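The lines below spell out each chain.
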Amino acid sequence: WESVATLSAIRAPVTKIEWGPRESSLAVTMENQASVMNETILHRTLRNDVAAMQLSAQKLLVQRGASTRIESHVGLRIKGIDVNDTHVLVWNQKKAEVYQFQDDRMDKVASFPSKAESMALYGETVFQTNGNQLEVSNVQGVSRKAISFSEVEGEPRFLHINGKFLAVATNKGALKVYDVSRREPRQVGSGTRF
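Note that residues are indexed from 1 along each chain, following the sequence as it is written. Local features in this predicted model are restricted to residues whose pLDDT is 70 or higher, and side-chain atom pairs enter the listing and the counts only when it is 80 or higher, whereas totals over whole chains, interfaces and linings include all residues. Side-chain metrics in this entry use all non-hydrogen atoms of the structure; hydrogen atoms and water are not considered.

With that out of the way, let us pick up unusual backbone geometry. Even without a glycine there, the phi angle at Asn 48 is positive, about 55°. With respect to the helices, strands and loops of the structure, Asn 48 is situated in the loop between β5 (44-47) and β6 (50-56). For Gln 93, which is not glycine, the phi torsion reads 70° and is therefore positive. Along the chain, Gln 93 falls in the loop between β10 (87-91) and β11 (95-102). Runs of E in the DSSP output that reach at least two residues are strands. Runs of H or I that reach at least four are helices, and both are numbered from the N terminus.

So this is what it looks like as structure tokens:
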């Protein structure tokens, strides 16, 4: 949980705790003051020798091997993270930002609007959920292709890259795997339900 307003050390007993009208907000009342806090779920991901870990609502730690550690603030409240060997992708269902990292610095290379619930990064390609479609775009967010899912399959909700494969899980229990190492993603097998 992260306090909306910074307060000094509180020594008064808590008299009331209540969920706020906004999603993921909590109000805490003491004798002479009140505080509103927002929930922050800390995300993390690992790919090859690159790890990214969310430290706070807008702060990220990227580590490559044992030698490179970069802490950086990003321009949005993080709801998801993905990495590859040279880039970090962060998003919050309103906007996505792509950062390139090398040595001891991380520079923003792109920012674009996105309502995606889940995203994945492979090389210079971004995969993002959008209704009943899986959108394939470049790191600037320019859409190159859309892969549609039927009503029976459901809407893509979760994406994960492992090597050259992208796994897509839907809200209706369908699971599809794509080989994304080629210019056009190619489905591997016929998919399954779980």
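Attention now moves to the packing of aromatic side chains. Here the distance between the centres and the angle between the planes together describe a pair of aromatic rings. Here a pair means two rings of Phe, Tyr or Trp (six-membered ring of Trp) with centres within 6.5 Å. Their orientation is stacked below 30 degrees between planes, edge-to-face above 60, and tilted elsewhere. Applying the stated criterion to the full structure yields zero aromatic pairs. One Lys or Arg, Lys 176, reaches over the ring of Phe 149 and ends 4.7 Å from the middle of that ring. In our convention, an over-ring charge means Lys NZ or Arg CZ found within 6 Å of a ring centre and within 35 degrees of that ring's normal.

The subject of this paragraph is the pattern of salt bridges. Put simply, a salt bridge is a Lys or Arg side-chain nitrogen that is within 4 Å of an Asp or Glu carboxyl oxygen. Evaluated as defined, the whole model comprises 14 salt bridges. Here Asp 107 and Arg 105 are joined by a salt bridge, their closest N and O atoms 2.6 Å apart. Salt bridges linked by common partners bring Lys 164, Asp 179, Arg 182 and Arg 186 together as one network.

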